[in-house]
Amino acid sequence: MLGDRGSEEQIARMRTQMGLDRPLPVQYARYLWGLLHLDMGTSIRTRRPVLEDLGDYFPATFELATCALLISLALGIPLGVISALKRDGPVDHGARVVALLGVSMPVFWLALLLLGLFYGRWDLLPPGGRLSDFTLPPRRITGLMLVDSMMALDPHAFIDAARHLVLPSVCLAFLTTATLARSVRSQMLEVLGRDYVRMAHSLGLEHWRVVCVYALKNALLPVVTLIGLAYGSLLSGAVLTETVFSWPGIGKYAVDSSVSLDFPALMGVTLLIATVYSLVNLAVDLVYIAVDPRVRDGLVGGGDP
């Protein structure tokens, strides 16, 4: 904060102001006491309360992560199902190649590739940020640009925000889509070989009904955990994606704070990520109870789920 030219007197005064001249247990106790009062300290870089910074940056990450997850679900689940139904066929091989590329391709390289093609070569989509320079942002209500522009009845801002969201969300969704497709394919292959599925076919039920109602429903149960972990990871901030696309989310905030040695901000980001992961895992457990009768019966009966 003071740089290399700070005098001894200035350094001593700064240490006193920040409480760094006190023993570590006292500093830790003061930090915990502040957390109990929703006080995460003041950011060294922005000079604002860390909680306010997180409140400004997290909606952008939430919007980006949610769009990326929706893209992953819309592509990954059908891709995994089709790949399992067409096992060892051309469609299956193609889907497995796509999944392999998604898992192995570095996200920063994919981001630069998308930027080079869709902005540099074809000029179809904007390079980064949440809105263009000439678009007035809607009045902040939720912090979600799409929702705020809809509530403000501003179609120009909505379309502009949606265009800015395409490249980072697709880039972020590519890895999750690949992982999801591989998991769904594996679970579907296992479920399709079970007796109750063969019995359903022998009873003359329609093929789509057997696949969608009986097989897919049971195959998705283990995938719920994967979806929850993926969403928690996306919400914790995609550092590289947000940095490449200048997306003002938690990931970029963490990077900027790291460069500035902004320790209060980094501790706030860490606590936020831990809280997000805990809440997402709690939501996954609740979903399991709702969709899996074995877990529900185990809880009601007092036995092991």
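Anything mentioned here points back to the structure above.
Quick caveat: nothing in here was measured; it's all calculated off a predicted structure.

### Regarding the packing of aromatic side chains
- Within this structure, the stated rule accounts for 3 aromatic pairs.
- Ring geometry for F58 against F62: centres 6.4 Å apart, planes inclined by 40°, an arrangement best described as tilted. Of the two residues, F58 and F62 both sit in helix α3 (residues 50-85), 4 residues apart, roughly one turn of that helix.
- For F58, a relative accessible area of 21% translates into the label partly exposed.

### Remarks on the environment of M40
- Looking at the element boundaries, M40 is found in the loop between α2 (24-36) and α3.
- Apart from the residues lying within four places of it in its own chain, the contact partners of M40 are Y31, L35, V50, L51, L54, P264 and G268.

### Points about the pattern of salt bridges
- What the rule picks out here adds up to 12 salt bridges.
- Connected through salt bridges with shared partners, the residues R48, E52, D53, D56 and R140 form a single ionic network.

### Some points on helix α5 (residues 107-121)
- Taking 1.5 Å per residue, 15 residues should reach 21 Å; α5 reaches 20 Å between its end C-alpha atoms and fits that length.
- Listed as buried for α5 are L110, A111, L114 and L115.
- Those residues of α5 that are buried lie in contact with α7 (155-192) and α10 (239-244).
- Positive backbone phi, at 55°, marks D123, one or two positions downstream of α5.

Calculation rules
- Residues numbered from 1 in each chain as written.
- Predicted model: local features only at pLDDT ≥ 70, side-chain atom pairs only at ≥ 80, totals over all residues.
- Heavy atoms only, no water.
- Phe/Tyr/Trp six-rings, centres within 6.5 Å; stacked < 30°, edge-to-face > 60°.
- Helix = DSSP H or I, 4+ residues; strand = E, 2+ residues; numbered from the N terminus.
- Buried < 20%, exposed > 50% of the residue type's maximum accessible area, 1.4 Å probe, protein only.
- Contact = heavy atoms within 4.5 Å.
- Salt bridge = Lys/Arg side-chain N within 4 Å of Asp/Glu carboxyl O.
- Expected span 1.5 Å × (residues − 1).

The values are spatial; any link to function lies outside them.
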